[in-house]
Amino acid sequence: LSPEAILDLGRRRAVGRVLAVWNGDTLLLRTAAGETMKITLMTPPPAVGEHIEAVGYTETDLFQINLTSAIWRKTRAVRIPSENATDISADDLFLDRRKNRKINSLLHGNTVRIVGIVRDPAADRSMRQGFTLKSGGYSVPVDCSTILSAIDNLESGSRVSVTGVCIIETET
């Protein structure tokens, strides 16, 4: 569908489990079909792991269909396909198979594990909620807002393995 046709779809509903929450108004939902959907909320977000039903207007970021101006409510647990973490390198995130620079949108919503060196750990949790991971010559931002204790004793220069949901955020 074209971006215009997606906008014309109007309000839609999505049901699933919350994989990640960021910016205080955005979440990533995994549906029973195993698909991921970015949802921008008009209300405070649910907790990571909650099973919800969200209703909002369709839009696209040219990679997938998202919901915006959405509201949500808790729902019965939805059976979500299980997923193991995939070990990746920074090259897997930022290069295609021919080694040309390209963001790998196929990793969006997947649980990944990446190893690197801590740079710029959050000194003041009220201001920052994560750190930058240097890996393979790239800087990968790591958001720890749902588990701030993970960065309590983190020191610059430490080698760490980070496991989490990969979020590729683009403009609409």
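Parameters and conventions
Residues numbered from 1 in each chain as written. Predicted model: local features only at pLDDT ≥ 70, side-chain atom pairs only at ≥ 80, totals over all residues. Heavy atoms only, no water. Core = buried A, V, L, I, M, F, W, Y, C linked by side-chain atoms within 4.5 Å. Buried < 20%, exposed > 50% of the residue type's maximum accessible area, 1.4 Å probe, protein only. Salt bridge = Lys/Arg side-chain N within 4 Å of Asp/Glu carboxyl O. Helix = DSSP H or I, 4+ residues; strand = E, 2+ residues; numbered from the N terminus. Polar contact = N/O pair within 3.5 Å; in protein donor to acceptor, adjacent residues only side chain to side chain. Contact = heavy atoms within 4.5 Å.

Draft legend 1. Seen up close, the nonpolar core. Among the nonpolar cores identified, the biggest contains 20 residues, and Leu93, Ile114, Phe131, Leu133 and Val162 are the most heavily contacted of them. In terms of nonpolar packing, the next biggest core, distinct from the first, is built from twelve residues, Val18, Val21, Met37 and Leu41 among them.

Draft legend 2. The pattern of salt bridges, seen in detail. Counted according to the given criterion, the structure contains five salt bridges. The salt bridge involving Glu83 is made with Arg30; its shortest N-O contact spans 3.1 Å. Taken together, the residues span a long stretch of sequence, with Glu83 in the loop between β5 (65–74) and β6 (86–87) and Arg30 in strand β2 (residues 26–31) at a distance of 53 residues. With a closest N to O distance of 3.8 Å, Glu50 and Lys74 form a salt bridge.

Draft legend 3. Structural context of the environment of Asn23. Along the polypeptide, Asn23 turns up in the loop between β1 (11–22) and β2. Taking the C-alpha atoms as reference points, Asn23 and Ser145, separated by 122 residues in sequence, lie 9.3 Å from one another.

Draft legend 4. The side chain of Glu53, seen in detail. Tracing the chain through its elements places Glu53 in strand β4 (residues 51–60). Judged by its relative accessible area of 13%, Glu53 is buried. Within the structure, Glu53 has its side chain in polar contact with the side chain of Arg73 (distance 2.7 Å). The contact partners of Glu53, leaving out residues within four places of it in the chain, are Arg13, Ala14, Val15, Ile71, Trp72, Arg73 and Thr75.

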